[in-house]
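Inside the fold
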Amino acid sequence: MAVITVNTTVSTSFFLSTSCKPKPFIVQPLKQQLPLLKPFKCLPRRSSSVKLNPLISCSAIATSELVVPSKLEQLAAEFRLLREPRERVKRLLDFAAAMEPMAESGRVDSNRVMGCTSRVWVEVGIDEEGKVRVAADSDSDITRGFCACLVWVLDGSKPEEVMNVSTDDLASLNAGLPGGSGRSRVNTWHNVLVSMQKRTKQLVAQREGKFPFEPFPSLVITSDGIFPKGSYAEAQAKYLFPNELKVDELVNLLKEKNIGVVAHFYMDPEVQGILTAAQKQWPHIHISDSLVMADTAVKMAKAGCQFITVLGVDFMSENVRAILDQAGFSEVGVYRMSNEQIGCSLADAAATPTYMEYLSAASRSTSLHVIYINTKLETKAFAHELVPTITCTSSNVVQTILQAFAQVPDLSIWYGPDSYMGANIKELFQQMAKMTDEEIAAIHPEHSQDSIRSLLPRLHYFEDGTCLVHHLFGHEVVESIKEMYSDAFLTAHLEVPGEMFSLAMEAKRRGMGVVGSTKNILDFIQDRVQEALDRNINDHLQFVLGTESGMVTSIVAKVRSLLEPAKSSSEKAKVTVEIVFPVSSDSISKSSSSLSSGVQSAKVYDIILPVVPGIASGEGCSIHGGCASCPYMKMNSLSSLLKVCCNLPDEENILSAYKAERFKLETPNGKSVADVGCEPILHMRNFQATKKLPEILVNQILHPR
């Protein structure tokens, strides 16, 4: 008997018993010989007072040109007749009982489906006729029922039919439990489908002889340690365990001179590693997003810190200086980490005549300017005098815009400067316009389908501003993620391009993703890891990091704090967490035989993966940064931090170029840039506290200057 094989180091085959004769097919992941499996039966009819439509026979379905759509419609018809959730659950249990159990050799970690509350295993193969053969199982009867339905729908179909099914196609089945647990069950349903599709796509590529995508570099975190895969990951991991002498040197300086340190999540990994270790000895060190940096600086000043060192780009230092002045701490010195300008492509895009020309159109209507916090204080001030302005963050921008539209009739909103974020927000509202009023009210209680549709023409965004880091998450990276990581947890900053945003939003809808701020991403990872630990089942969680790679230091610290307590208990399950760094091909050094001869492969569960080579040169790409890495942030070096700390207090004026000076500039109306520029920030703080626009801002909108 002929056996289909492919030219790959991870291939094998097994046989599926059919009503005619055994047919060999390839398994994904390809691990070991599996026993003969019995053919999957047609789904049974259960006795019920409700008359169910008879299911189309297996033989009839197999000859149909619409195999998968026909089966999906047949299942949908079954469940539509069962109006009570309890009846639908019973039907799922019938399906679960009818499906042959998966052999123990298939219930291995490499076949697990991520993101499921219960354990789910999936196997996919292609037989010699080119048909997709699938098998699945779960340790939960209800989830096993979901698996049975999907196996019945997809087994024996053409690869293109399998790939054409979307998670939306499963919505009409409405087979989940009511309430929160029902939502998680439906997520499982979707995740099993995505896993089957990923494995099908990989098998088709193998059959066609296509060279597979190389995996992205990653860090695997366990209770026993951190294991990097790829040169770039090795560079990141190197700084997670900093030199103790350097840590002690910094701590001694900070204590001696009463210096506080605020740093951004995107900081250089070497500096972050040392700061993270130093936090254990000196409480006035904080790593966060840009808004919290300024808030924390005020707390440090209240605690007695005489100086604040800011590790970020220049607008962050400006914000810290201005907020400290507003809080009455003008005597506290604020210092940057370079004697040169530490720029930001996004902030620079707003500090242009083009941006002010964009805002000039706002004067012709009742308007509000919503400006991203990651901009210069001068930009905020000049814009606020042109059109009433409120700042926003990536975590509160959607609620800010929705509340503004709800609170001010006939309002027009002008968002900027991040073009990707603006386009993503508009796309999000377009998706909301297709939701039910109940679903929309859950997002914002004062909106409905009609109100969302009416606001869309009045929402504008600047189209010429991007962050050079998030710009890198374009088509090529998205295609690689679809190919290799479609079943992983996907995180994405709201600033990423639309294609990446859509991919992350789809993952979010099935409980496998998050779109938002750096803090949203960190919280999402923390929550998923804690859930896995609470289940107390061996698990491997894989997260694609869709933002600046500097975040990995904070992520690793948080994950290790969760995993390490479990190490001491023999009763605790083993949970591993893998953080994946997307990089583009322009940033990957190709291995030569001379360079790769000594490189070892990396084993994750039952799969052997090649080590990914390190990144090459290029804008934002270096052994210290990587593709998704901000070159401006990397100007905040450890040597600069030590230099600033050593020379404080700056009695000889050595640090004059490092000092964040107070704004002495005036706006076109003759007011202080610092005072006017802080007002939009204070409006946002008021909104965060009350969930409404402050009355003073509403008056500015209705009665413009």
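Criteria and thresholds
Residues numbered from 1 in each chain as written. Predicted model: local features only at pLDDT ≥ 70, side-chain atom pairs only at ≥ 80, totals over all residues. Heavy atoms only, no water. Pairing = 2+ DSSP bridges. Helix = DSSP H or I, 4+ residues; strand = E, 2+ residues; numbered from the N terminus. Axes fitted to C-alpha atoms, helices over the stretch in contact; angles between N-to-C directions. Contact = heavy atoms within 4.5 Å. Parallel < 35°, antiparallel > 145°, perpendicular 65-115°, else oblique. Left-handed = near helix turned anticlockwise from the far one by under 90°. Nonpolar A, V, L, I, M, F, W, Y, C, P; charged D, E, K, R; others polar. Buried < 20%, exposed > 50% of the residue type's maximum accessible area, 1.4 Å probe, protein only. Right-handed = clockwise from strand over helix to strand, strands pointing away. 1 Å grid on protein atoms, 1.4 Å probe; cavity = no way out; pocket = protein on both sides within 12 Å on 5 of 7 lines; lining within 4 Å. Points joined across faces, edges and corners; volume = space filled by probe spheres on them. Salt bridge = Lys/Arg side-chain N within 4 Å of Asp/Glu carboxyl O. Disulfide = S-S within 2.5 Å.

**Notes on the sheet that holds strand 6 (residues 225–229)**
The mixed open sheet is built from six strands, whose spatial order is 6-5-18-17-15-16. This sheet does not close on itself; its edge strands, each paired only once, are strand 6 and strand 16 (513–516). This sheet shows a mean twist of 15° between the axes of neighbouring strands, independent of strand direction. Strand direction decides the pairing type here: strand 15 (residues 489–493) and strand 16, joined by four bridges, are parallel. Counterpart to Ala-492 in the pairing with strand 16 is Val-515. Running over the sheet, helix 20 (residues 498–509) touches strand 15, strand 16 and strand 17 (539–546) and is turned about 130° from strand 16.

**Here we look at the packing of helix 8 (residues 244–257) against helix 24 (residues 638–646)**
For any two helices packed against each other, the geometry comes down to the angle between their axes and how far apart the axes lie. Where helix 8 contacts helix 24, the axes come no closer than 10 Å and their chain directions differ by 30°. One finds that helix 8 runs roughly parallel with respect to helix 24. The chirality of how helix 8 crosses helix 24 is left-handed. Across from Lys-246, Glu-249, Leu-250, Leu-253, Leu-254 and Lys-257 in helix 8, the residues of helix 24 making contact are Leu-638, Leu-641, Leu-642, Cys-645 and Cys-646. Grouping the amino acids of the contact of helix 8 with helix 24 by side-chain chemistry returns eight nonpolar, no polar and three charged.

**Concerning the sheet that holds strand 13 (residues 412–416)**
Strand order across the open sheet formed by four strands is 12-11-13-14, with parallel pairing between neighbours. At either margin of the open sheet sits one strand with a lone partner, and together these are strand 12 (389–392) and strand 14 (459–461). Strand-to-strand, the axes of this sheet are offset by a mean angle of 25°, without reference to chain direction.

**Details of the packing of helix 8 against helix 9 (residues 269–278)**
The contact between helix 8 and helix 9 brings their axes to 9 Å, and the two run at 65°. In terms of orientation, helix 8 lies roughly perpendicular with respect to helix 9. Here helix 8 runs over helix 9; the crossing is right-handed. Judged by residue contacts, Lys-246, Val-247, Leu-250 and Val-251 of helix 8 engage Glu-270, Ile-274, Leu-275, Ala-277 and Ala-278 from helix 9.

**Side note on helix 15 (residues 397–407)**
The element helix 15 is extensively covered by neighbouring structure, given that eight of its eleven residues are classed as buried. For helix 15, the set of buried residues is Val-397, Val-398, Thr-400, Ile-401, Leu-402, Gln-403, Ala-404 and Phe-405.

**Concerning the pairing of strand 8 (residues 285–288)**
Judged from the four bridges that link them, strand 7 (residues 259–264) and strand 8 form a sheet pairing that is parallel. Bridge pairing links Ala-263 to Ile-287 in strand 8. In this view, the connection linking strand 7 to its parallel neighbour strand 8 by way of helix 9 has right-handed handedness.

**Section: the pairing of strand 11 (residues 367–372)**
Look at any regular strand and the pattern is simple: side chains alternate between the two faces of the sheet. Along strand 11, six of the six residues are buried, which leaves the element largely enclosed by surrounding structure. Burial along strand 11 is two-sided: the residues Ser-367, His-369 and Ile-371 and Leu-368, Val-370 and Tyr-372 are all buried. Relative to strand 13, strand 11 is paired through five bridges, and the arrangement is parallel. Pairing of Leu-368 across the sheet is with Ile-413, part of strand 13. Note that strand 11 and strand 12 share four bridges and pair parallel. Along strand 12, the bridge assignment pairs Tyr-372 with Cys-392. Note that the unit made of strand 11, helix 14 (residues 377–386) and strand 12 has a crossover that is right-handed.

**Considerations on empty space enclosed by the protein**
Inspection of every chain in the model, using the stated rule, returns six cavities of 30 Å³ or more. Of the pockets and cavities examined, the largest cavity occupies roughly 320 Å³. Around the largest cavity, the lining is made up of 29 residues, and of these His-264, Tyr-266, Met-316, Asn-374 and Glu-495 lie nearest the centre. The set of elements that each furnish at least two residues to the lining of the largest cavity consists of helix 10 (290–302), helix 11 (314–326) and helix 12 (345–350). For the lining of the largest cavity, the per-class residue count stands at 15 nonpolar, eleven polar and three charged.

**Here we look at the environment of Pro-497**
By the secondary structure assignment, Pro-497 is in the loop between strand 15 and helix 20. With relative accessibility at 8%, the residue Pro-497 sits in the buried group. Once the C-alpha coordinates of Pro-497 and Gly-474 are considered, the two residues, 23 residues apart in sequence, prove to be 6.1 Å apart.

**What to know about the pattern of salt bridges**
Counted according to the given criterion, the structure contains 23 salt bridges. A salt bridge links Arg-80 to Glu-73, with the shortest nitrogen-to-oxygen separation between them at 2.7 Å. The exposure class of Arg-80 is partly exposed, given its relative accessible area of 43%. With its nearest N and O atoms 2.9 Å apart, the salt bridge here joins Asp-487 to Lys-198.

**Some details on the state of the cysteines**
By the definition in use, this model includes zero disulfides. The structure places no disulfide on Cys-646, whose sulfur is separated from the nearest cysteine sulfur, that of Cys-645, by 7.1 Å.

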